[in-house]
Every structure is written in structure tokens, then in C-alpha cells.
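Chain by chain, the residues:
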Amino acid sequence: MEQFEWRIPAEHSKTGKPHTVYLSRQAIVLCKELKALAGGSELVMPGRGSLTKPFAHNAINNALKVALAGQDIPAFTIHDLRRTASTLLHENGWASDVVEKALDHTIGGVRGVYNRAEYAPQRQEMLQFWADYIEQLMATGQVILGRFRSAA
């Protein structure tokens, strides 16, 4: 598989250090589809008013708010989806260090000072697992617009 990465510069990362997100096959397809809709911009998701500036940091949360208005689904944010991913990845046996590194969290204490591992291969495998997991939930009708239903 061709490797694709989303590199987040230090000034935009949660920890203030550069961070790499390894993209699943599904994410690569979505990025290519978004790029085709980007009106010739160099950005995958340009803002409304400019093809040279990225969309606003709160744009996805605002879109979620609009999409969920009047629905029988409790409001949630992108950050809530990170919490859900962390919980389900841990429940599926992924090592905490790998999950936390993928979320760009810093491991505290002496352990964090000595452990400088990036876990790149494990993160790539885990994020592909996550994309496959979500794809399977959608295919079986167990998740619709972010809401889980119990399996029939």
C-alpha cells in the first residue's frame, strides 16, 4: 500500500511538537474526493472565502451542530469522537502508548521523559484497524450519523 501521512506542524499540534497522522485507505480515498471538490486549491479543505486559507477551526463542529439540529441524537463535537476512538481502541486491545501517541498526547512523568518511541508501524496498523472497524459498523447498519445501535 502506498503510504500517506498528514503532517501537522508544531504550531498546530496538541503537544507543540510536529505530529504525523498515518492515513488509512479510507481516509486517502476521502482526501482525494475532497481535493477534487476543492476548486483547484492546493488545500484539501480550503475555507469558504479563500482557496488559499484552510477552513475555520470550528467549521466541522458547526456543521455537526447544524446536521444534528432537530435529530434525536445528542449533540457532540469532534473532540467527543476522539474520546470514543480512544475508548474503543483500548477495548479492542491496542496498547495505551500507541493510542495516546496517535492522539498526540504526551505521556507524563519519568516514563514520558525516557520513552521517546513514535510507534509508527503500530499506529499505521491501528488507524487502518479503526477505519475498517467504522466501515464495518456502517456496512452493518450499527452506526448512523455517529450514533451506535445495538446489533440485531
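The model shown is predicted, which means the values in this text are computed figures rather than measured ones.

Definitions and cut-offs
- Residues numbered from 1 in each chain as written.
- Predicted model: local features only at pLDDT ≥ 70, side-chain atom pairs only at ≥ 80, totals over all residues.
- Heavy atoms only, no water.
- pLDDT = per-residue confidence, 0-100.
- Contact = heavy atoms within 4.5 Å.
- Salt bridge = Lys/Arg side-chain N within 4 Å of Asp/Glu carboxyl O.
- Helix = DSSP H or I, 4+ residues; strand = E, 2+ residues; numbered from the N terminus.
- Buried < 20%, exposed > 50% of the residue type's maximum accessible area, 1.4 Å probe, protein only.
- Polar contact = N/O pair within 3.5 Å; in protein donor to acceptor, adjacent residues only side chain to side chain.
- Phe/Tyr/Trp six-rings, centres within 6.5 Å; stacked < 30°, edge-to-face > 60°.

Novice: Provide a residue-level description of the confidence of the model for the protein chain, including the pertinent values.
Specialist: In this model, the protein chain carries a mean pLDDT of 88, and residues with pLDDT of at least 70 account for 91%. Every residue in residues 146-152 scores below 50 in pLDDT, and together they form 13 contacts with partners more than four places removed in sequence or on other chains.

Novice: Please provide a residue-by-residue account of the pattern of salt bridges, values included.
Specialist: Throughout the structure, instances matching the rule amount to six salt bridges. Close ionic contact of arginine 83 with aspartate 80 constitutes a salt bridge, the shortest N to O distance being 2.3 Å. Residue arginine 83 and its partner aspartate 80 are located together in helix α3 (residues 78-91), separated by three residues, close to a single helical turn. Look at arginine 83 and you get partly exposed, because its relative accessible area is 49%. Take aspartate 80: its relative accessible area is 22%, and that puts it in the partly exposed class. The partner of aspartate 97 in a salt bridge is arginine 111, and the shortest N-O contact between them spans 2.4 Å. In this pair, aspartate 97 sits in helix α4 (residues 96-102) while arginine 111 sits in helix α5 (residues 109-114), placing the two residues 14 residues apart along the sequence. On the basis of relative accessibility, which here comes to 14%, the residue aspartate 97 falls in the buried class.

Novice: Mind laying out the side chain of arginine 123, listing which residues take part and the relevant values?
Specialist: Within the fold, arginine 123 resides in helix α6 (residues 120-139). The exposure class assigned to arginine 123 is buried, which follows from its relative accessible area of 1%. A distance of 2.3 Å separates a polar atom in the side chain of arginine 123 from the backbone oxygen of threonine 20. Contact partners of arginine 123, with chain neighbours within four places excluded, come to His19, Thr20, Val21, Tyr22, Val98, Lys101, Ala102 and Glu118.

Novice: So what about the packing of aromatic side chains? Which residues, and what values?
Specialist: Using the criterion set out here, one finds three aromatic pairs in the structure. Where tryptophan 130 meets tyrosine 133, the ring centres are 5.6 Å apart and the plane angle is 20°; that geometry is what we call stacked. Taken together, the residues tryptophan 130 and tyrosine 133, both in helix α6 and three residues apart, mark about one turn of the helix. Judged by relative accessible area, tryptophan 130 falls into the buried class, the value being 18%. Through successive ring pairs, a cluster of aromatic residues spans Trp94, Phe129, Trp130 and Tyr133.

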